[in-house]
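Examining the three-dimensional arrangement
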Amino acid sequence: MLVGALSSLKLMQDMVRNYLASSKVKNGQLSFNPASVKIKRIISKVTKRLEPALQTMHMDFVCDRCDDIAVVCDEFLVRVAINNLINNAIKYGTDGTTIHASLEKWQDGFQFSITNEGIGIPEDKLEAIYEEFSRFDPLGIGGTGLGLFLVRKIAAMHNGSTEANAGYILDNEFVTYDMIKENPDLYTFDIDDKESRKFATFVLRIPGYKTAKDNPN
């Protein structure tokens, strides 16, 4: 009960923070303070903070590749983005599954990827989910619809990018919608089968302040 209560408290804190950050984005008041940051340390702090939520969902978080790299970026903003991505994977993941992530150097910055098994994302929602207050929630889990919106805004502030992909898990292979289109005879399944295993992947790319300094907003 205590773990569940703590998980709910962390969720409430995230919701309030996302509302405040979104408001500052609209007013052009979201500050940008670049400094050298260890991204692996941020991931460690975020996962420790979200441990109650992971425990409630009986989930494991595994960083399959987690390079120890330092990037010049805004630590607070990057922490918010990574927190929102991991929290999103927990909220919409399947109980008892493992969330897989990776961190690697990209340009002068980093690329953070995260994949969860869960409700997935419909193919026609892969871009819409980044819109403000846009939500795809067939399970009625609840939320603000601001988490992914802020992730994209924060990426843009660093001249970076974020993208989503999704599909089905067939014989433990993660098959994207594009793979199915390219090989329709190879991947056959019933899209109406409620037992179909689905996945969603998010990728956050931050090039670092060296390339973002000319356009911090």
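Residues numbered from 1 in each chain as written. Predicted model: local features only at pLDDT ≥ 70, side-chain atom pairs only at ≥ 80, totals over all residues. Heavy atoms only, no water.

Details of the overall build of the protein chain
In terms of regular secondary structure, the protein chain is built from seven helices and eight strands. Taking all 217 residues of the protein chain together, the buried fraction comes to 44%. A separation threshold of at least 6 residues defines the contact pool for the protein chain, and within that pool the share at least 24 residues apart is 79%. For the protein chain, the exposed surface amounts to about 11,300 Å²; the carbon and sulfur share of it is 50%. (Helix = DSSP H or I, 4+ residues; strand = E, 2+ residues; numbered from the N terminus. Buried < 20%, exposed > 50% of the residue type's maximum accessible area, 1.4 Å probe, protein only. Contact = heavy atoms within 4.5 Å. Areas by Shrake-Rupley, 256 points an atom, 1.4 Å probe, with all protein chains shown as cover.)

A few points about the environment of Val80
Tracing the backbone through its elements, the reader meets Val80 in helix α4 (residues 75-91). Judged by its relative accessible area of 4%, Val80 is buried. In this structure the C-alpha to C-alpha distance between Val80 and Ile42, which are 38 residues apart in sequence, comes to 9.7 Å.

Looking at the pairing of strand β6 (residues 161-170)
Where β6 lies against strand β8 (residues 198-206), eight bridges are found, and the strand directions are antiparallel. Residue pairing across strands places Ser161 opposite Arg205, the latter belonging to β8. Turn length for the β6-strand β7 (residues 173-176) hairpin, with the two strands adjacent in sequence and antiparallel, is two residues, and the turn residue Asp171 shows positive phi of about 50°. (Pairing = 2+ DSSP bridges.)

Notes on helix α2 (residues 39-49)
Among the residues making up α2, those that are buried are Ile39, Ile42, Ile43, Val46 and Thr47. Projected down its long axis, α2 shows its buried positions confined to an angular sector of 125°, all on one face. (Arc of directions from axis to C-beta.)

Describing the pattern of salt bridges
The final tally for this structure, using the stated rule, is eight salt bridges. The closest approach of N and O atoms between Lys38 and Asp68, which form a salt bridge, is 3.7 Å. Highlighted residues: Lys38 in strand β1 (residues 34-38) and Asp68 in the loop between β2 (60-66) and β3 (70-74), separated in sequence by 30 residues. Residue classification places Asp68 among the exposed positions, given a relative accessible area of 52%. Between Glu163 and Arg205 there is a salt bridge, and its shortest N-O distance comes to 3.0 Å. In this pair, Glu163 sits in strand β6 while Arg205 sits in strand β8, placing the two residues 42 residues apart along the sequence. Overall, Glu163 belongs to the partly exposed group, its relative accessible area being 37%. Salt bridges sharing partners connect three or more residues here, namely Arg65, Asp67 and Glu104. (Salt bridge = Lys/Arg side-chain N within 4 Å of Asp/Glu carboxyl O.)

Notes on the nonpolar core
The biggest cluster of nonpolar side chains holds 50 residues, and the ones touching the most others in it are Ile39, Ile82, Phe110, Phe112, Ile114, Phe202 and Leu204. Once residues within four sequence positions are removed from consideration, Leu204 is found in contact with Ala81, Ile82, Leu85, Phe110, Gln111, Phe112, Val151, Ala155, Ser161 and Thr162. (Core = buried A, V, L, I, M, F, W, Y, C linked by side-chain atoms within 4.5 Å.)

Notes on the sheet that holds β7
What the six strands build is an open sheet, ordered β2-β4-β5-β8-β6-β7; its pairing is mixed. Edge strands, defined here as strands with exactly one partner in the open sheet, are β2 and β7. Each neighbouring strand pair of the sheet contributes to a mean axis angle of 25°, computed without reference to strand direction. Of the strands in this sheet, β2, β4 (98-106), β5 (109-118) and β8 touch α4, which is tilted by about 15° from β5. (Axes fitted to C-alpha atoms, helices over the stretch in contact; angles between N-to-C directions.)

Topic: the packing of α4 against helix α5 (residues 147-157)
Two numbers describe a pair of packed helices, the interaxial angle and the distance between the axes. Packing of α4 against α5 leaves a shortest axis separation of 9 Å and a crossing angle of 145°. Seen from above, α4 lies across α5 with left-handed handedness. Facing α4, whose interface residues are Leu77, Val78, Val80, Ala81, Asn84, Leu85 and Asn88, α5 presents Gly147, Leu148, Leu150, Val151, Ile154 and Met157. Considered class by class, the residues forming the contact of α4 with α5 number 10 nonpolar, three polar and no charged. (Left-handed = near helix turned anticlockwise from the far one by under 90°. Nonpolar A, V, L, I, M, F, W, Y, C, P; charged D, E, K, R; others polar.)

Some words on the side chain of Glu117
One can find Glu117 in strand β5. At 3.0 Å, the side chain of Glu117 and the side chain of Arg197 are in polar contact. (Polar contact = N/O pair within 3.5 Å; in protein donor to acceptor, adjacent residues only side chain to side chain.)

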